[in-house]
Every structure is written in C-alpha cells, then in structure tokens.
Amino acid sequence: MRMYDIIYKKREKKVLSKEEINFVVNSYVKDEIPDYQISAFLMTIFFNGMTKQELGFLTDAMTNSGKKYDLSSIKLPKVDKHSTGGVGDGVSLSLAPLVASCGVVVPMMSGRGLGHTGGTLDKLESIPGFNVNLSEKDFIYQLKKIGVAIISQSEKIVPADKKFYALRDTTATVDSIPLIAASIMSKKTC
C-alpha cells in the first residue's frame, strides 16, 4: 500500500477500506509516513468528509493505536462527558465531580486545546501540581477512591490521536466533523 494512492483515492471522493485506514493510522504512529502526506490526507477528509463506515474504521484504528486501560475492576456505572472545546468551556471541570458525587464513576481522557482555545487539560494544568499523566494504576486508584479522574492521551494511550491532534492544529483542519468525532470517540474506549 502507498500513502499517495490513499490520498488520491480520498481526493477523488472514493470510500477508503478498513485496511487502508489502518495502514494510514498505524504507519503514521510508527513514523513511516511524513507529516506532509498526513496533512494532505487530513485536508481530503476536511473537504470530502467520510462515510459512517470510514469514520468507524478511523475511530477503531485510532483507539487501537496504543494501550487501553482495563476499567472492569470498577463495578460502579461509568460515564464520560467530552467537550469540543471553546474559550470559556468549563462544563467538564464542574460536571465531572458533581456526577461522581452521585456515585457514578467518571473516567475522562482529554486532549489539548486546538486553535485559539484552551482545552480542558490546558486549564487543569494551570493549577500548580495538577497531574494529567497518571499511570494506569494511579488512574484506576483515583477512580475507585474519589470517582473521577482525568488523563491525557500519550505516546502509549491513543498515540494516533495525539499525533493527528497536533497536526490538525497546524493544517486548518481543526473544525472537520469526522476528525473531531474520531478524536473524541477514540479517547472514550480506554
């Protein structure tokens, strides 16, 4: 498979296969595809969108690009709330502890701000000593102890999202609905 052919196919508004999308995501995570080709790929998605099936394949490939945390030892109901961002967004910061106080566990994985907005992690890290880089053990411990925890995606957890996220910020593809949806959902299945 060649990245050129996949870019060309998507540019021509043809549907990508699961194998093609997996190739893009996995090869990019391994640094086998340069940023300029992924930038072109992101732009084709920005202009041509994705089918529901392609979006599912992209989300699945991003989710499986790294380690997943096993939260099965937490027996209480689990929910998450995610924001698409915004300068004044503070809902996640207040809603998660409120929900946790009602006996529902809120495991959250978030990203950095895109464009001019500050993301949830950016806001939290402005608090001296706040740590969003918890180990799996510490993440689960905190969820069991207080019912809420927030972590960042990393080189180990959803690394594809971390790489795509940073590139979207510099390629004017931040507001692509399929890329937003895949980014959010890939962080919800840890």
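Rules behind the numbers
- Per-chain numbering applies: the sequence of each chain, read as written, is numbered from 1 onward.
- Under the rules for a predicted model, residues below a pLDDT of 70 receive no local features and side-chain atom pairs below 80 are neither given nor counted, while totals for whole chains, interfaces and linings still include all residues.
- For side-chain calculations, the full set of non-hydrogen atoms in the structure is used, while hydrogens and water are omitted.
- Numbering of helices and strands starts at the N terminus; helices are DSSP runs of H or I of at least 4 residues and strands are runs of E of at least 2.
- Exposure categories follow from relative accessible area, calculated using a 1.4 Å probe and restricted to protein chains: below 20% of the type maximum is buried, above 50% is exposed, and the middle band is partly exposed.
- Here, residues are in contact when the closest pair of their heavy atoms is within 4.5 Å.
- Between any two strands, at least two bridges found by DSSP are needed for them to pair.

A. Broad picture of the environment of Tyr-8. With respect to the element layout, Tyr-8 can be found in helix H1 (residues 3–11). Residue Tyr-8 is classed as partly exposed on the basis of its relative accessible area of 40%. Through-space distance from the C-alpha of Tyr-8 to that of Glu-20 is 12 Å; in sequence the pair is twelve residues apart.

B. Structural context of helix H9 (residues 177–186). Along H9, the residues classified as buried are Pro-178, Leu-179, Ala-182, Ser-183, Ile-184 and Ser-186. In the core, the buried residues of H9 are packed alongside helix H3 (35–48), helix H4 (52–63) and helix H8 (159–170).

C. Just the pairing of strand E2 (residues 148–152), in detail. Here E2 lies mainly inside the structure; five of its five residues are buried. Neither face of E2 is left uncovered, since the one carrying Val-148, Ile-150 and Ser-152 and the one carrying Ala-149 and Ile-151 both have all their residues buried. As paired elements, strand E1 (residues 106–110) and E2 share five bridges and run parallel to each other. For Pro-107, the partnering residue across the bridge sits in E2 and is Ala-149.

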